[in-house]
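Single-letter residue listing:
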Amino acid sequence: MLESFTDLVSGSDWTYVVIFLVAVIDAFFPVVPSETMVVAAGVLAANGDLSITPLIIVAALGAVTGDNVSYGIGRTLGQRLRPRLFAGKRRRHLDRAERLLQERGGYLIIIARFIPGGRTATTFASGLLRMRWTRFLAWDALAGIIWGTYASLIGFFGGKAFEDDPLRGIILALGIAFAIAAFVEIYRWLRQRRRGSSLESAEDTVNSR
């Protein structure tokens, strides 16, 4: 599988176009491994087959473009589904999600970019809940730049560590990327669990009075 990525991500100028398109599609159809592609391209950049700066730029632009497609789908088609999906008691969940996006929308957009599937749900929900587009775009651009830089440089430094063996460089870089994603997911889970425990403790205190 890794060898096929190495073959697909070549040193041709067309590689930048491929990276851009894959990053766009992955943002709203998360079955295309954009991060793997960018990491592999970063390894090639370390070997001089590609340039690291254009790689970061096209990866970030592709991510932001795709996120805006997901946002647009949520904003235009999401309203038609809203009455069916969030009727009755479920409306409270939607109201809570809207409040969290208004209060911590930027934080959520940035963190979600590093969670598989999370970025699609967050960008779609941002459109569905009609977050102001200029606000969404500002935070999403920052998230895209961070992601494009992070994925490209992980591949680049992994490639530098194994300049004579690009395949090992890709394996090392992907291992680091997966470890970081796992750390973010575990941290997010622990934080939610701690918050849930705090709410339960507060409710017990209120009920005991």
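Scroll up to find the structure this text is about.
Just so it is clear, the structure is predicted and the values come from calculations on it, not from any experiment.

A. View of the packing of aromatic side chains. Counted according to the given criterion, the structure contains two aromatic pairs. When the ring of Y71 is compared with that of F136, the centres are 4.5 Å apart and the planes differ by 20°; the resulting orientation is stacked. Linking Y71 in helix 4 (residues 52-76) with F136 in helix 8 (residues 133-161), this pair joins segments that are 65 residues apart in sequence. The class of Y71 is buried, set by a relative accessible area of 3%. Under the relative-accessibility criterion, F136 is labelled buried at 0%.

B. The environment of S70, seen in detail. Looking at where S70 falls in the secondary structure, it is placed in helix 4. For S70, a relative accessible area of 2% corresponds to the buried category. For the pair S70 and F29, spaced 41 residues apart in sequence, the C-alpha separation works out to 8.8 Å. Leave out the neighbours within four places in its chain, and S70 touches A27, F28, T120, T123 and F124. A polar contact is formed between the side chain of S70 and the side chain of T123, at a distance of 2.8 Å.

C. Spotlight on a nonpolar patch on the surface. A cluster of nonpolar residues, I25, F28, F29, V31, V69, I73 and L77, forms a patch on the protein surface that exposes about 560 Å² of accessible area. Counting residues per element, the ones that place at least two in the nonpolar patch are helix 2 (14-28) and helix 4. If you trace the backbone, I73 turns up in helix 4.

D. Structural view of empty space enclosed by the protein. Under the defined criterion, the tally for this structure stands at one cavity of 30 Å³ or more. Reported here for the largest cavity is a volume of approximately 30 Å³. In terms of lining residues, the largest cavity is bounded by D67, I109, A112, R113, R119, T122, T123 and D140. Elements that contribute at least two residues to the lining of the largest cavity include exactly helix 6 (90-112) and helix 7 (118-128). The element best represented in the lining of the largest cavity is helix 7, accounting for three residues. For the lining of the largest cavity, the class distribution of residues is two nonpolar, two polar and four charged.

E. Summary view of the nonpolar core. Within the largest apolar cluster, 21 residues are counted, with the highest numbers of intra-cluster contacts made by I19, V38, L50, W147 and Y150. Those elements giving two or more residues to this core turn out to be helix 2, helix 3 (34-46), helix 4 and helix 8. The dominant element in this core, judged by the number of residues it contributes, is helix 3, at seven residues. In terms of nonpolar packing, the next biggest core, distinct from the first, is built from eight residues, I109, L129, M131 and F136 among them.

Scoring rules and cut-offs
- Residues numbered from 1 in each chain as written.
- Predicted model: local features only at pLDDT ≥ 70, side-chain atom pairs only at ≥ 80, totals over all residues.
- Heavy atoms only, no water.
- Phe/Tyr/Trp six-rings, centres within 6.5 Å; stacked < 30°, edge-to-face > 60°.
- Helix = DSSP H or I, 4+ residues; strand = E, 2+ residues; numbered from the N terminus.
- Buried < 20%, exposed > 50% of the residue type's maximum accessible area, 1.4 Å probe, protein only.
- Contact = heavy atoms within 4.5 Å.
- Polar contact = N/O pair within 3.5 Å; in protein donor to acceptor, adjacent residues only side chain to side chain.
- Patch = residues over 30% accessible without salt bridge, like charges linked within 9 Å, V, L, I, M, F, W, Y side chains within 5 Å.
- Areas by Shrake-Rupley, 256 points an atom, 1.4 Å probe, with all protein chains shown as cover.
- Salt bridge = Lys/Arg side-chain N within 4 Å of Asp/Glu carboxyl O.
- 1 Å grid on protein atoms, 1.4 Å probe; cavity = no way out; pocket = protein on both sides within 12 Å on 5 of 7 lines; lining within 4 Å.
- Points joined across faces, edges and corners; volume = space filled by probe spheres on them.
- Nonpolar A, V, L, I, M, F, W, Y, C, P; charged D, E, K, R; others polar.
- Core = buried A, V, L, I, M, F, W, Y, C linked by side-chain atoms within 4.5 Å.

These values are about where atoms sit, not about what they do.
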